[in-house]
Amino acid sequence: MSSVATRTGGAATAAARASRRGPASRPSGGGEHPAPGRPARGMSRMRRNDLFWAAVFILPTLLGLVVFYLWPVVRTLLISFTETGPFGGSEWVGLDNYTHLLGDARLWETLLNTAKFTVVALLGIPIALVIAALLSTEGLRGVRVYRVLFFLPVVTMPAAVGLIWRTLYNGDVGVVNAMLRAVGLEGTNWLSNPATALYAIAAVGIWLGLGTQIVIFLAAIQGVPKDLYEAASLDGAGRIRQFWSITLPQISPSVFFISVLAVIGALQTFDLIFVMTGPTNPAYPATETIVAQFYQRGFVENQQGYAAAIALVILVIIVAVTALQFRLQKKWVHYV
């Protein structure tokens, strides 16, 4: 009886204490849960804080994209529907500039020249790949010296490179023809001959881009696991077989990256061609690219509306070719 009374008295005391503390301090029971308001408000404040600082850090880059990329494209699009007067001002002409583009034989010739230049420029990729594979040979000394020598043209101004190679290509006193005469061959006026001018300039473009491509390929080759080469050697595979079966598939993402950059750069080539030939050169029509045609129409002939239409055509071509490259890379690029 005494134990029952004790338990009854303890329960009554606990109930009295709970009633004095109020309903907020009573233990929850019967499947009830604490009100989710306070934790939700804490998470909401934290999320708002994260979004605020994310916007602070992204805003400068976003403003740069809008001001220096998106707005120029929109502005160029608007200008392409106008025609600039001889004394300034512009007049809305609708699609007349684009209609003129379709019938402009000169523009189609420059497109063909640009395509030729781009195809020749892509030949630099296998050259850089072979050089990088040779420089990655085990035990080869002076790799850093070779890397610097190959990279020197990259940090040189294209205009300076063009002027130097104009002298080297000179038909009378050029070093190229002197070397050919030394082995019994007859050279030509490389930059004045319409049949050779474009390819001579493209060779200089390949030389200019080798440094960047070799450095990237070297880094990619050094990242290939050595175990694969050891296993291939045990199976009797030689250096050439290892290159085709191991090195090339392993660095295919780098090859794809370089090919995209090379195509975009070749499609935008202007300064090298303009310096090495120029409008007064008889071979200039055979080397004029679509970017050079844009410069001629926009800055020399003051046809800003027509030049803007050409600029948009260049943009569409670059986007289309790049999209095609990304579509085709699924068939040959292997991501590890």
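Thresholds, definitions, all that
- Residues numbered from 1 in each chain as written.
- Predicted model: local features only at pLDDT ≥ 70, side-chain atom pairs only at ≥ 80, totals over all residues.
- Heavy atoms only, no water.
- Helix = DSSP H or I, 4+ residues; strand = E, 2+ residues; numbered from the N terminus.
- Buried < 20%, exposed > 50% of the residue type's maximum accessible area, 1.4 Å probe, protein only.
- Contact = heavy atoms within 4.5 Å.
- Axes fitted to C-alpha atoms, helices over the stretch in contact; angles between N-to-C directions.
- Parallel < 35°, antiparallel > 145°, perpendicular 65-115°, else oblique.
- Left-handed = near helix turned anticlockwise from the far one by under 90°.
- Nonpolar A, V, L, I, M, F, W, Y, C, P; charged D, E, K, R; others polar.
- Expected span 1.5 Å × (residues − 1).
- Arc of directions from axis to C-beta.
- Polar contact = N/O pair within 3.5 Å; in protein donor to acceptor, adjacent residues only side chain to side chain.
- Salt bridge = Lys/Arg side-chain N within 4 Å of Asp/Glu carboxyl O.
- Core = buried A, V, L, I, M, F, W, Y, C linked by side-chain atoms within 4.5 Å.

I'm lost on the overall build of the protein in this one. Help?
Helix and strand counts for the protein come out as 16 helices and 2 strands. Scored against the burial criterion, the 336 residues of the protein give a buried share of 31%. Pairs at least 24 residues apart make up 66% of the contacts formed inside the protein by residues separated by at least 6 positions.

Where do I start with the packing of helix α9 (residues 197–222) against helix α12 (residues 252–267) in this structure?
The description of two helices packed together rests on the angle between their axes and the distance between the axes. Two numbers describe how α9 lies on α12: the axes approach to 10 Å, and their chain directions differ by 165 degrees. By the angle class used here, α9 and α12 are roughly antiparallel. Of the two possible hands of crossing, α9 and α12 adopt the one that is right-handed. Counting all contacts with α9, which are made through Q213, I216, F217 and A220, the residues of α12 involved are S254, V255, F257, I258 and A262. Across the contact of α9 with α12, the residue classes tally to 7 nonpolar, 2 polar and no charged.

How do you make sense of helix α4 (residues 105–121) when you look at a structure like this?
Compared with an ideal rise of 1.5 Å per residue, which puts 17 residues at 24 Å, α4 spans 24 Å between its outermost C-alpha atoms and is within 8% of the ideal. Buried within α4 we find L107, T110, N113, T114, F117, T118, V120 and A121. End-on, the buried residues of α4 take up no more than an arc of 165 degrees, which puts them together on one face. The outward face of α4, more than 90 degrees from its buried face, is lined by the exposed residues A105 and V119. Measuring from the side-chain oxygen of the N-cap residue of α4 to the backbone nitrogen of R106 gives 3.1 Å; that N-cap residue is D104.

Sorry, what's going on with the pattern of salt bridges here?
Any two side chains of opposite charge can pair, on the condition that their charged atoms come close. Taken as a whole and assessed by the stated rule, the structure comprises 5 salt bridges. A salt bridge links K226 to E138, with the shortest nitrogen-to-oxygen separation between them at 3.8 Å. Of this pair, K226 sits in helix α10 (residues 226–234) while E138 sits in the loop between α5 (124–135) and α6 (143–151), placing them 88 residues apart in sequence. For K226, a relative accessible area of 43% gives the class partly exposed. Of the residues examined, E138 reaches a relative accessible area of 67% and is grouped as exposed. Between E301 and R297 there is a salt bridge, and its shortest N-O distance comes to 3.6 Å. Taken together, the salt bridges that share partners define one network made up of D104, R297 and E301.

I would appreciate a short explanation of the nonpolar core in the present structure.
Most often, soluble globular proteins keep nonpolar side chains buried together rather than apart. Formed by 40 residues in total, the largest nonpolar core has its most connected members in F217 and M276. Contributions of two or more residues to this core are made by α4, α5, α7 (158–168), α9, α10, α11 (239–250), α12 and α13 (271–276). Here this core takes 13 residues from α9, the largest share from any one element. Ignoring sequence-local partners within four residues, the contact set of F217 consists of I125, A128, L129, A132, S254, V255 and I258. Core analysis: the next-biggest nonpolar cluster, separate from the first, contains 11 residues, L101, V263, V291 and A309 among them.

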